[in-house]
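Structural overview for review
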Amino acid sequence: MSSQVQPVDSEVSDQVLMQRYAGGDHKAFERLYLKHKGPLYRYFVRQIQDKQLAEDLYQDTWGRVIKAAASYQNSAKFTTWLYTIAHNLLIDHVRALKPVESVENLDELQVQRSQSEVEAASEKQAKSSLLTHCITLLPQVQKEAFLLSIELGLTAAVIAEIVDAGLEATKSRLRYANQSLKTCVQQKWQEQ
């Protein structure tokens, strides 16, 4: 019996799983996929409000992960690497739609919830809808930073790395997003 303690399977890091996948372990990829599929898909849906397009970008992201497996470097967290790929695909898509100002105008792609849906919902659902609506009104850079923070629990430093922005700029984006959302939800709630 070996004196070296092997990590419990559930404790294996994403980076190790990705390295195992690059070495030919397809079960390692399956575990990564299962762990990250929900948050990654929600990232796209909440960014563009179009489920079919979100699905396409989601699949493209995993395709790029597969293609880049052999060259994967364990220099950053896997989630940082994964969401950098996702972010770049999203930016490429938006730029293809509108070559100028595309990132700032991404919220034009949203699907508006009807007023009757909000009225029919419970108070909690109504506030959730208001928050979702207010998120779509945020400038794209604030929306993305906010969603990466709230949805995935990423720190400002990791978000800055993903979106290729400075740490202070990212902190400002998060601060402004939170302030704008608080004001927006309060105003919309009072209007009802």
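For the structure itself, consult the block above.
Residues numbered from 1 in each chain as written. Predicted model: local features only at pLDDT ≥ 70, side-chain atom pairs only at ≥ 80, totals over all residues. Heavy atoms only, no water.

**Considering the overall build of the protein**
For clarity, the cut-off: Secondary structure elements are defined from DSSP: runs of H or I of at least 4 residues count as helices, runs of E of at least 2 residues count as strands, and each element is numbered from the N terminus. Only protein chains enter the accessibility calculation, which uses a 1.4 Å probe. A residue is then buried if its area is under 20% of the maximum for its type, exposed if over 50%, and partly exposed in between. Any two residues having at least one pair of non-hydrogen atoms within 4.5 Å are treated as being in contact. All accessible-area figures derive from a Shrake-Rupley calculation using a 1.4 Å probe, and residue coverage is judged against the displayed protein chains alone.
The secondary structure content of the protein amounts to nine helices and zero strands. Seen in sequence order, the protein has helices and strands lined up from the N terminus as α-α-α-α-α-α-α-α-α. Taken across its 192 residues, the protein has 39% of its residues classed as buried. Relative to all contacts within the protein whose residues are 6 or more apart in sequence, the contacts with residues 24 or more apart total 62%. Roughly 11,300 Å² of accessible area belongs to the protein as shown, and the carbon and sulfur atoms make up 51% of that amount.

**Here we look at the packing of aromatic side chains**
Aromatic rings in a pair are described by how distant their centres are and how their planes are angled relative to each other. Put simply, the rule is: In summary, the pairing rule links any two rings of Phe, Tyr or Trp, Trp by its six-membered ring, whose centres are within 6.5 Å, and it sorts them by plane angle into stacked for under 30 degrees, edge-to-face for over 60 and tilted for everything else.
The tally for this structure, following the rule as stated, stands at twelve aromatic pairs. Considering the side-chain rings of tyrosine 58 and tryptophan 62, the 6.5 Å spacing of their centres and the 80 degrees angle between planes classify their relative orientation as edge-to-face. Highlighted residues: tyrosine 58 and tryptophan 62, both in helix α3 (residues 51-68), separated by four residues, approximately one helical turn. Like tryptophan 62, tyrosine 58 is buried.

**A closer look at unusual backbone geometry**
Residues other than glycine seldom take positive phi values, yet aspartate 164 does so here, at roughly 55 degrees. Within the secondary structure, aspartate 164 sits in the loop between α8 (156-163) and α9 (167-191). Given the relative accessible area of 71%, aspartate 164 is considered exposed.

**Some words on the packing of α8 against α9**
To keep it simple, the criterion reads: Angles run from 0 to 180 degrees between N-to-C directions of axes, and those axes are lines fitted to C-alpha atoms, restricted for helices to the stretch in contact. These descriptions rest on fixed angle ranges, namely under 35 degrees for roughly parallel, over 145 for roughly antiparallel, 65 to 115 for roughly perpendicular, and the rest for oblique. The residue classification treats Ala, Val, Leu, Ile, Met, Phe, Trp, Tyr, Cys and Pro as nonpolar and Asp, Glu, Lys and Arg as charged. All others, Gly included, are polar.
Where α8 meets α9, the axes come as close as 9 Å, and the angle between the chain directions of the two elements is 110 degrees. One way to sum up the angle between α8 and α9 is to call them roughly perpendicular. Touching Ala156, Ala157, Ile159, Ala160 and Val163 of α8 are Leu167, Thr170, Lys171, Arg173 and Leu174, all from α9. Along the lines of polarity and charge, the residues of the contact of α8 with α9 split into seven nonpolar, one polar and two charged.

**A short note on the environment of isoleucine 135**
Tracing the backbone shows isoleucine 135 in helix α6 (residues 123-137). By relative accessible area, which is 11% here, isoleucine 135 ends up buried. Remark: the alpha-carbon pair of isoleucine 135 and glutamine 47, spanning 88 residues in sequence, is separated by 9.3 Å. Filtering out sequence-adjacent residues up to four positions away, isoleucine 135 remains in contact with Lys143, Phe146, Leu147 and Leu181.

**Thoughts on the state of the cysteines**
Our working definition: Cysteine sulfur atoms that come within 2.5 Å of each other are treated as a disulfide pair.
All chains considered together, the criterion is met by one disulfide. Each disulfide pairs two cysteine sulfurs, and for cysteine 134 the partner residue is cysteine 184, the sulfurs being separated by 2.0 Å. Note on the cysteine 134 and cysteine 184 pair: the S-S dihedral is about -80 degrees, so by sign convention the disulfide is left-handed. Highlighted residues: cysteine 134 in helix α6 and cysteine 184 in helix α9, separated in sequence by 50 residues.

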